[in-house]
Amino acid sequence: MDLQKLEIMKELRTVMVENLELEGVPERLQDSDRLYEDLNIDSIMVLQLVVYIEEVFHVVVPEVGVEPETFLTVGSLVEFIMSLHQAAV
């Protein structure tokens, strides 16, 4: 796993624990961790997560055109953040 991906996962975990106040988040997130089923994130938390992603990662999440699959797993969310970074460069 590349360094950028690891850094994004660490930041994402921090956001989940500190900002969303989630309990039971594993010490180390895995690509396969499912946001809804494994991490107990609900639809309201996803909206909050989008705001924190924009703040923490200095990206802009488009209001339309984001596929629901983006928020299925940690891996899909990390890929999405990485793609937003690429688009911003």
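A. Expanded view of the overall build of the protein. When its secondary structure is counted, the protein shows 3 helices and 0 strands. Put simply, the protein runs from its N terminus to its C terminus through helices and strands in the order α-α-α. Its C-alpha atoms give the protein a radius of gyration of 12 Å, near enough to 12 Å, the size a compact globule of 89 residues would have. When the backbone C-alpha atoms are referred to their principal axes, the protein occupies close to 35 × 30 × 20 Å. Put simply, the protein has 89 residues, and 37% of those count as buried. Taking all contacts inside the protein whose residues are at least 6 apart in sequence as the whole, residues at least 24 apart take part in 55%. About 5,600 Å² of surface is accessible on the protein, with carbon and sulfur atoms providing 52% of the total. Placing the 5 positive and 18 negative side-chain charges of the protein at their respective mean positions leaves the two points 10 Å apart.

B. Here's a closer look at the side chain of D33. Locating D33 in the fold gives a position in the loop between helix 1 (3-19) and helix 2 (43-57). Although D33 lies buried, it forms no salt bridge, and the closest oppositely charged side chain, R34, sits 7.6 Å away as judged by the N-O distance. Polar contacts involving the side chain of D33 include one to the main-chain amide nitrogen of Q30, which spans 2.8 Å. When sequence neighbours within four positions are dropped, the list of residues in contact with D33 reads P26, R28, D38, L39, L72, T73 and V74.

The rules behind these values
Residues numbered from 1 in each chain as written. Predicted model: local features only at pLDDT ≥ 70, side-chain atom pairs only at ≥ 80, totals over all residues. Heavy atoms only, no water. Helix = DSSP H or I, 4+ residues; strand = E, 2+ residues; numbered from the N terminus. Rg over C-alpha atoms; globule rule 2.2 N^0.38 Å. Buried < 20%, exposed > 50% of the residue type's maximum accessible area, 1.4 Å probe, protein only. Contact = heavy atoms within 4.5 Å. Areas by Shrake-Rupley, 256 points an atom, 1.4 Å probe, with all protein chains shown as cover. Lys, Arg positive; Asp, Glu negative; His and termini not counted. Charge placed at Lys NZ, Arg CZ, Asp CG, Glu CD. Salt bridge = Lys/Arg side-chain N within 4 Å of Asp/Glu carboxyl O. Polar contact = N/O pair within 3.5 Å; in protein donor to acceptor, adjacent residues only side chain to side chain.

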